[in-house]
Amino acid sequence: MLIHTVMWKFQAAEGKTAEENRAIVKDSLLALLDKVPALENIEFFENEVACDRNFDAMLKVTVKDEAALDAYKNHPEHQKVAGYVKLVTIGRAAVDIFTD
């Protein structure tokens, strides 16, 4: 299995607060589980400790392998969400981890 993690800092944009944008992204990403066959699981975590250096949220995506990760990243439904994410975030980090 392959775990793909992404973290973001959200901003006020598109006429919404940072918190509203985080909620929209969360709901949109979690909805992908029913739309993207390559996904094994998807989880969204919100930062719970106030610290301006921390990211606001983290996504954990589980897929079978790199081919499945590419299928997820290039799926049209994911591309729609990713387009919005780019508009409402100001920082991003990602890590991909293979598990047994």
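As shown above, the structure is provided for reference.
Residues numbered from 1 in each chain as written. Predicted model: local features only at pLDDT ≥ 70, side-chain atom pairs only at ≥ 80, totals over all residues. Heavy atoms only, no water.

**Quick look at the overall build of the protein chain**
A tally of helices and strands in the protein chain yields three helices and four strands. Taking 2.2 N^0.38 as the reference for a compact globule, 100 residues should give roughly 13 Å; the C-alpha atoms of the protein chain span a radius of gyration of 13 Å, in line with that estimate. Principal axes of the C-alpha set define a box for the protein chain whose edges measure 35 × 25 × 15 Å. Per-residue burial for the protein chain yields a buried fraction of 36% across its 100 residues. A separation of at least 24 residues holds for 68% of the contacts in the protein chain among residues at least 6 apart in sequence. Of the roughly 6100 Å² of accessible surface on the protein chain, a fraction of 52% belongs to carbon and sulfur atoms. When the 12 positive and 17 negative side-chain charges of the protein chain are each reduced to one mean point, those points stand 3 Å apart. (Helix = DSSP H or I, 4+ residues; strand = E, 2+ residues; numbered from the N terminus. Rg over C-alpha atoms; globule rule 2.2 N^0.38 Å. Buried < 20%, exposed > 50% of the residue type's maximum accessible area, 1.4 Å probe, protein only. Contact = heavy atoms within 4.5 Å. Areas by Shrake-Rupley, 256 points an atom, 1.4 Å probe, with all protein chains shown as cover. Lys, Arg positive; Asp, Glu negative; His and termini not counted. Charge placed at Lys NZ, Arg CZ, Asp CG, Glu CD.)

**Examining the layout of surface pockets**
Space inside the largest pocket adds up to approximately 290 Å³. Lining the largest pocket we find 15 residues, and of these Trp8, His78, Ala82, Val85 and Arg92 sit closest to its centre. Elements that contribute at least two residues to the lining of the largest pocket include exactly strand 1 (2-10), helix 2 (66-74), helix 3 (76-88) and strand 4 (89-98). Here the lining of the largest pocket is composed, by residue class, of eight nonpolar, four polar and three charged. (1 Å grid on protein atoms, 1.4 Å probe; cavity = no way out; pocket = protein on both sides within 12 Å on 5 of 7 lines; lining within 4 Å. Points joined across faces, edges and corners; volume = space filled by probe spheres on them. Nonpolar A, V, L, I, M, F, W, Y, C, P; charged D, E, K, R; others polar.)

**What about the pattern of salt bridges?**
Between side chains of opposite charge, pairing is possible as soon as their charged atoms come close. Enumeration over the complete set of coordinates arrives at five salt bridges. With its nearest N and O atoms 3.1 Å apart, the salt bridge here joins Glu46 to Arg22. Separated by 24 residues along the polypeptide, Glu46 in strand 2 (residues 39-46) and Arg22 in helix 1 (residues 18-30) bring together distant segments of the chain. Overall, the relative accessible area of 17% leaves Arg22 in the buried class. Here the salt bridges share partners, and the residues they tie into one network are Arg22, Lys26 and Glu46. (Salt bridge = Lys/Arg side-chain N within 4 Å of Asp/Glu carboxyl O.)

**Regarding the sheet that holds strand 3 (residues 57-63)**
Judged by pairing direction, the sheet is antiparallel, and its four strands sit side by side in the order 2-3-1-4 without closing on themselves. Every interior strand has two partners, whereas the edge strands, strand 2 and strand 4, have only one. Each adjacent strand pair in this sheet contributes to an overall mean axis angle of 15°, direction not counted. Pairing of strand 1 with strand 4 involves nine bridges; the strand directions are antiparallel. Paired with Lys9 across the two strands is Gly91, which belongs to strand 4. Across the face of the sheet, helix 1 comes into contact with strand 1, strand 2 and strand 3 while running at roughly 165° to strand 2. (Pairing = 2+ DSSP bridges. Axes fitted to C-alpha atoms, helices over the stretch in contact; angles between N-to-C directions.)

**Overview of the packing of helix 1 against helix 3**
Interhelical geometry of helix 1 versus helix 3 gives an angle of 165° and a closest axis separation of 10 Å. Put simply, helix 1 runs roughly antiparallel to helix 3. Of the two elements, helix 1 crosses helix 3, and the hand of that crossing is left-handed. Together, Asn21, Ile24, Val25, Ser28 and Leu29 of helix 1 and Val81, Tyr84, Val85 and Val88 of helix 3 make up the contact between the two elements. A breakdown of the residues in the contact of helix 1 with helix 3 according to their chemical character gives seven nonpolar, two polar and no charged. (Parallel < 35°, antiparallel > 145°, perpendicular 65-115°, else oblique. Left-handed = near helix turned anticlockwise from the far one by under 90°.)

Note that all results are geometric; they support no functional claim without further evidence.
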